[in-house]
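Residue-level structural notes
So the chains spell out like this:
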Amino acid sequence: MPRNRQDVPREERIEALLAVAEEQFLARGFAGTSIAEIARSAGIEPGSVYWYFRSKDHAFAAVLNRLLDVEVERITGLPGDPAEKLFLGLDSVERRRTLHPCVAERAPHAEPVMEYHERLHEWLHGLALAAVHDLVPEADRALAADAVVATIEGGLANPAPTRPTSHLVHFLLAAFCKDSALPARTEFTGWVAPLFARPQLG
């Protein structure tokens, strides 16, 4: 016998609602998604959504943070070269690149979206800082990491890029290399694989 909705723990209800909201935002973007459509897909009244999220921006930020939580935990626990982790982090956000122009648009106007953006920026900066650690002098590491993150964020905010953001980041990291190329990683598949096999630039 199905449980009454009130018998379902609140956290479980929120998780189910976030799963529906994620599908809607990924399929339709921020502007094309409505609270009413999220509610309809979740099988609840539109007003009920506001018991969990104060606004569409709050729902959007909750979805983004939920996705980021999974990737941070997954990548943090992986062994491997820091550059590999940076590209895995980039891969995770690249797969949801349709949402990033929405983040850039909403962040200046919505505090929860701005807080997510700052959290994403901090995570990417940490990955970038580790990736450039052995490529540039200590005095230049923070600046190099800033350049990498700016390249990532600029690429992700572009709704119609001419080339993958990963190619731009690889070019930048390779340019930092003085005496050796970035290591090849044969275990990577898809678009990540050729990045580490490219020859040193310059």
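One can find the structure itself at the top, above this paragraph.
Since the model is a prediction, treat every value here as computed from it, not as a measurement.

**Thoughts on empty space enclosed by the protein**
In total, this model carries 1 cavity of 30 Å³ or more according to the counting rule given. Space inside the largest cavity adds up to approximately 40 Å³. Forming the walls of the largest cavity are Leu64, Leu67, Val93, Arg96, Leu99, His100 and Tyr116.

**Considering helix α5 (residues 82–94)**
Since the α-helix turns once every 3.6 residues, residues separated by three or four places project in the same direction. Compared with an ideal rise of 1.5 Å per residue, which puts 13 residues at 18 Å, α5 spans 18 Å between its outermost C-alpha atoms and is within 8% of the ideal. A large share of α5 lies buried, amounting to 12 of its 13 residues. If you check which residues of α5 are buried, you get Ala83, Glu84, Lys85, Leu86, Phe87, Leu88, Gly89, Leu90, Asp91, Ser92, Val93 and Glu94. Structurally, the start of α5 carries an N-cap: the backbone nitrogen of alanine 83 is 2.7 Å from a side-chain oxygen of aspartate 81.

**Thoughts on the pattern of salt bridges**
Across all of its chains, the model carries 9 salt bridges by this definition. In this structure, aspartate 91 engages arginine 95 in a salt bridge whose closest nitrogen and oxygen atoms are separated by 3.0 Å.

**Focus: the nonpolar core**
Where a protein is soluble and globular, its nonpolar side chains tend to be buried together. The biggest cluster of nonpolar side chains holds 54 residues, and the ones touching the most others in it are Phe60, Leu86, Val148, Leu173 and Phe176. For this core, the secondary structure elements donating two or more residues are α1 (10–28), α2 (35–42), α4 (56–76), α5, α6 (100–106), α7 (111–132), α8 (141–157) and α9 (165–176). Per-element accounting of this core gives the leading share, 9 residues, to α7. Not counting the four nearest positions on each side in its chain, leucine 86 is found in contact with Leu124, Leu127, Ala128, Ala131, Val148, Ile152, Val169 and Leu173.

**Let's talk about the packing of α5 against α8**
In contact at an axis separation of 11 Å, α5 and α8 are set at 20° when each is read in the N-to-C sense. It follows from the interaxial angle that α5 and α8 lie roughly parallel. Crossing hand, α5 versus α8: right-handed. Every residue of α8 that contacts α5 at Leu86, Leu90, Val93 and Glu94 is listed here: Val148, Ile152 and Leu156. For the contact of α5 with α8, the per-class residue count stands at 6 nonpolar, no polar and 1 charged.

**Concerning the packing of α8 against α9**
Contact pair α8 / α9: the axes reach a minimum separation of 9 Å and the direction vectors enclose 165°. Classified by the angle their axes make, α8 and α9 are roughly antiparallel. In the packing of α8 onto α9, the handedness of the crossing is right-handed. Counted together, Ala144, Ala147, Val148, Thr151, Ile152, Gly155 and Leu156 of α8 and Thr165, Leu168, Val169, Leu172, Leu173 and Phe176 of α9 form the full contact between these two elements. Broken down by class, the residue content of the contact of α8 with α9 amounts to 10 nonpolar, 3 polar and no charged.

Criteria and cut-off values
Residues numbered from 1 in each chain as written. Predicted model: local features only at pLDDT ≥ 70, side-chain atom pairs only at ≥ 80, totals over all residues. Heavy atoms only, no water. 1 Å grid on protein atoms, 1.4 Å probe; cavity = no way out; pocket = protein on both sides within 12 Å on 5 of 7 lines; lining within 4 Å. Points joined across faces, edges and corners; volume = space filled by probe spheres on them. Helix = DSSP H or I, 4+ residues; strand = E, 2+ residues; numbered from the N terminus. Expected span 1.5 Å × (residues − 1). Buried < 20%, exposed > 50% of the residue type's maximum accessible area, 1.4 Å probe, protein only. Polar contact = N/O pair within 3.5 Å; in protein donor to acceptor, adjacent residues only side chain to side chain. Salt bridge = Lys/Arg side-chain N within 4 Å of Asp/Glu carboxyl O. Core = buried A, V, L, I, M, F, W, Y, C linked by side-chain atoms within 4.5 Å. Contact = heavy atoms within 4.5 Å. Axes fitted to C-alpha atoms, helices over the stretch in contact; angles between N-to-C directions. Parallel < 35°, antiparallel > 145°, perpendicular 65-115°, else oblique. Left-handed = near helix turned anticlockwise from the far one by under 90°. Nonpolar A, V, L, I, M, F, W, Y, C, P; charged D, E, K, R; others polar.

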